[in-house]
Amino acid sequence: MRIFTAALATETNTFSPICVDRRAFEASLYAPPGQHPETPTLCTAPITVGRRVTREKGWELIEGTATWADPAGLVNRATYEELRDEILGQLSAAMPVDAVVMGLHGAMVAAGYEDTEGDLLSRIREIVGPDVLICAELDPHSHLTAKRVAALDFAVYFKEFPHTDFVDRAEDLWRIAVETLEGRIKPDMSVFDCKMIDVFPTSREPMRSFVDKIMQIEKDDPDVLSISVIHGFMVGDVPEMGTKLLVVTDDKPEKGAALARELGLELFSKRGTFMVPQIDEREAVARAIAATAWPVVIADVWDNPGGGTAGDATVILGELIARGVTSAAIGTIWDPVAVQICFAAGEGAEIPLRFGAKSAPGTGNPVDGTVKVVKLVKNAEMQFGESLAPFGDAAHIVLDGIDIILNSTRAQSFDPSLFSAMGIDPARQKILVIKSTNHFFASFSKIAAEILYCSAGTPYPNNPATTPYRRAPKTIWPIVADPHGLERGAA
């Protein structure tokens, strides 16, 4: 067997002011054919897992380009077309192939392309024809479109949020691909539109039990090859935005459709109960000050670079300064210019510095003060599961007794190694402020005495009922109360 694999991924917040060009991909991950590292970067796990699987099977794996940009706003049109055509050219040169296995995100939007993954997959289908297997692993914070379903034989999505299972799901992807290529199964996809948009952390109920349930169904029912919840991405203003339920069966379309509908309506019945309750910055800081066990983690959930925001909000920092708090560490505030100034000054320097809150309204005010430059790290990285997440050239500064990490590559706060990489012992701090919606939980929960979920400022449109969508469907909850007609008995 000859199998082609590649990856092209980012997550697009169409409301974000930060556009993505080729430099953004190169800053996060750009690996030409055969140069992908041994460790995966979220959406590139099909490549690293594929190396092992094909080696064990004695098959040939033909690697194309693998590239990932950290979430932000619209992708530059020329950048998308260039990267797309690079991969398509590599596939054309590799023909004939028996399968194409892709690593994608599913929420990329480029200028002129509302459905970039649909565009890419349909072009792959045109090259390989109707009989070659095409499959992909994707992030659940994405959009499942009709165009993608038409091009794919099957897809597998991460189940966990935080996304701790991207390698496990790549294993699932390859298992189904191998069994298909060896003629033992025939995948069939069934999709149910839940007609809703919500946030589904699996670190708490009710989503924890729901994911456990679908994994048990996969284990117990030989007809069911895979079940995925496509959460949707509420800041992707595109026509097919929303939560979907995907069931892949072994050539049992009617059974798959019935199960997708049953599970999708069960999910819909729990709408509005999934997300962790949030408090504002005043209550969060007050509770952290009053705590008797440490560290207290304050998660700035909506200034999350993993959702496409800048990660430069200063609202919580401003409250800490106003309350005279020390023994606190902030990880991170994105400000490439301030980082450059700190590098020019050097470690040990005390300098006047303005930083933060440059990207958009609702992110607080720029912070001014005399800071001490404690530590400078070029190309800093933190752990994220089995991979490393870069946060660029970074500076550890101290202002009014508060340790602050300034970074030049936007990245959410995945792991306490973010702090230790900059010379800060996170376990010795009373308060840790991080920027992440839920990916932080798997690692920070191991050291935190308490976690406070804080909604501070308005860097992210987090209420779909009032978000000024132009392209997204207006017929989904919570924009409308009863999209399935449940109250009328129509479902």
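For clarity, every value in this text was computed on a predicted model and none was experimentally measured. (Residues numbered from 1 in each chain as written. Predicted model: local features only at pLDDT ≥ 70, side-chain atom pairs only at ≥ 80, totals over all residues. Heavy atoms only, no water.)

Q: Would you mind showing me how to read the side chain of Ser16 here?
A: Note that Ser16 resides in the loop between strand 1 (2–9) and helix 1 (22–28). By relative accessible area, Ser16 is classed as buried at 10%. With sequence-adjacent residues up to four places away left out, Ser16 is seen in contact with Ala72, Gly73 and Gly308. (Helix = DSSP H or I, 4+ residues; strand = E, 2+ residues; numbered from the N terminus. Buried < 20%, exposed > 50% of the residue type's maximum accessible area, 1.4 Å probe, protein only. Contact = heavy atoms within 4.5 Å.)

Q: Where do I start with the UniProt feature "domain: Microcystin LR degradation protein MlrC C-terminal" (unreviewed entry) in the protein chain in this structure?
A: Here the UniProt-annotated "domain: Microcystin LR degradation protein MlrC C-terminal" (unreviewed entry) positions come out as residues 298–471. Counting secondary structure, residues 298–471 comes out at 15% helix and 36% strand; the distance between its end C-alpha atoms is 34 Å. (UniProt positions renumbered as here; feature names shortened; annotations may be inferred.)

Q: Is there a simple way to explain the packing of helix 7 (residues 207–220) against helix 8 (residues 253–269) in this structure?
A: Relative placement of two packed helices is described by the angle separating their axes and the distance separating the axes. Between helix 7 and helix 8, whose axes approach to 12 Å, the crossing angle comes to 170 degrees. Taken as axis vectors, helix 7 and helix 8 run roughly antiparallel relative to one another. The segment helix 7 lies against helix 8, with Met207, Phe210, Lys213, Ile214 and Ile217 engaging Leu259, Leu263, Glu266 and Leu267. Residues belonging to the contact of helix 7 with helix 8 are distributed by class as follows: seven nonpolar, no polar and two charged. (Axes fitted to C-alpha atoms, helices over the stretch in contact; angles between N-to-C directions. Parallel < 35°, antiparallel > 145°, perpendicular 65-115°, else oblique. Nonpolar A, V, L, I, M, F, W, Y, C, P; charged D, E, K, R; others polar.)

Q: Would you mind showing me how to read unusual backbone geometry here?
A: Both trends apply: most residues other than glycine have a negative phi, and most peptide bonds are in trans. With an omega of 20 degrees, the peptide bond between Phe161 and Pro162 qualifies as cis. Note on placement: Pro162 falls in the loop between strand 6 (154–157) and helix 6 (166–181). Cis geometry marks the peptide bond from Gly331 to Thr332; its omega dihedral reads 15 degrees. With a phi angle near 50 degrees, Leu42 is a residue other than glycine that sits in the positive phi range. Within the secondary structure layout, Leu42 lies in the loop between strand 2 (29–31) and helix 2 (45–57). The class of Leu42 is buried, set by a relative accessible area of 10%.

Q: Quick question: what am I supposed to make of the packing of helix 2 against helix 6 here?
A: The interhelical angle for the contact between helix 2 and helix 6, taken along N-to-C directions, is 45 degrees, at an axis separation of 9 Å. Between helix 2 and helix 6, the crossing angle belongs to the class labelled oblique. As for how helix 2 packs across helix 6, the hand of that crossing is right-handed. Between helix 2 and helix 6, the residues in contact are Ala45, Pro46, Val49, Gly50, Arg52, Val53, Thr54 and Lys57 and Phe166, Val167, Ala170, Glu171, Leu173, Trp174 and Val178, respectively. (Left-handed = near helix turned anticlockwise from the far one by under 90°.)

Q: Got a minute to help me understand the environment of Ile434 in this structure?
A: If you trace the backbone, Ile434 turns up in strand 16 (residues 431–434). In the structure, Ile434 is positioned 89 residues away from Ala345 in sequence and 26 Å away in space, judged by C-alpha atoms.

Q: Help me out: how do you make sense of the sheet that holds strand 10 (residues 296–300) in this one?
A: Adjacent strands of a sheet form backbone hydrogen bonds with each other and so pair up, either parallel or antiparallel. Pairing is mixed across the open sheet formed by eight strands, whose spatial order is 12-13-14-15-11-16-10-17. Each edge of the open sheet carries a strand with a single partner, namely strand 12 (350–355) and strand 17 (450–454). Across the sheet, the axes of successive neighbouring strands diverge by a mean angle of 30 degrees, strand direction being ignored. With five bridges connecting them, strand 10 and strand 17 associate as parallel partners. Pairing of Val297 across the sheet is with Ile451, part of strand 17. Set on the sheet, helix 11 (residues 336–345) makes contact with strand 11 (328–334), strand 12, strand 13 (367–384), strand 14 (387–399) and strand 15 (402–407); between it and strand 12 the angle comes to about 170 degrees. (Pairing = 2+ DSSP bridges.)

Q: I tried to follow the packing of aromatic side chains on my own but got confused; where do I start?
A: Within a pair of aromatic rings, the relevant descriptors are the distance that separates the centres and the angle that separates the planes. Applying the stated rule across the entire model yields 11 aromatic pairs. Pairing Phe384 with Phe414 gives two aromatic rings, centres 4.0 Å apart and planes at 20 degrees, and the pair type is stacked. Taken together, the residues Phe384 in strand 13 and Phe414 in the loop between strand 15 and helix 12 (417–420) connect sequence positions 30 residues apart. An identical accessibility class is assigned to Phe384 and Phe414; each is buried. Aromatic pair Phe440 and Tyr453: ring centres 5.7 Å apart, planes at 50 degrees, arrangement tilted. Taken together, the residues span a long stretch of sequence, with Phe440 in the loop between strand 16 and helix 13 (441–444) and Tyr453 in strand 17 at a distance of 13 residues. Comparing Phe440 with Tyr453, the two get one shared label, buried. Taken together through their ring pairs, the aromatic side chains of Phe419, Phe440, Phe441, Phe444 and Tyr453 make up a single cluster. Over the ring of Trp294 we find Lys430; its NZ or CZ atom is 4.6 Å from the centre of that ring. (Phe/Tyr/Trp six-rings, centres within 6.5 Å; stacked < 30°, edge-to-face > 60°. Lys NZ or Arg CZ within 6 Å of the ring centre and 35° of its normal.)

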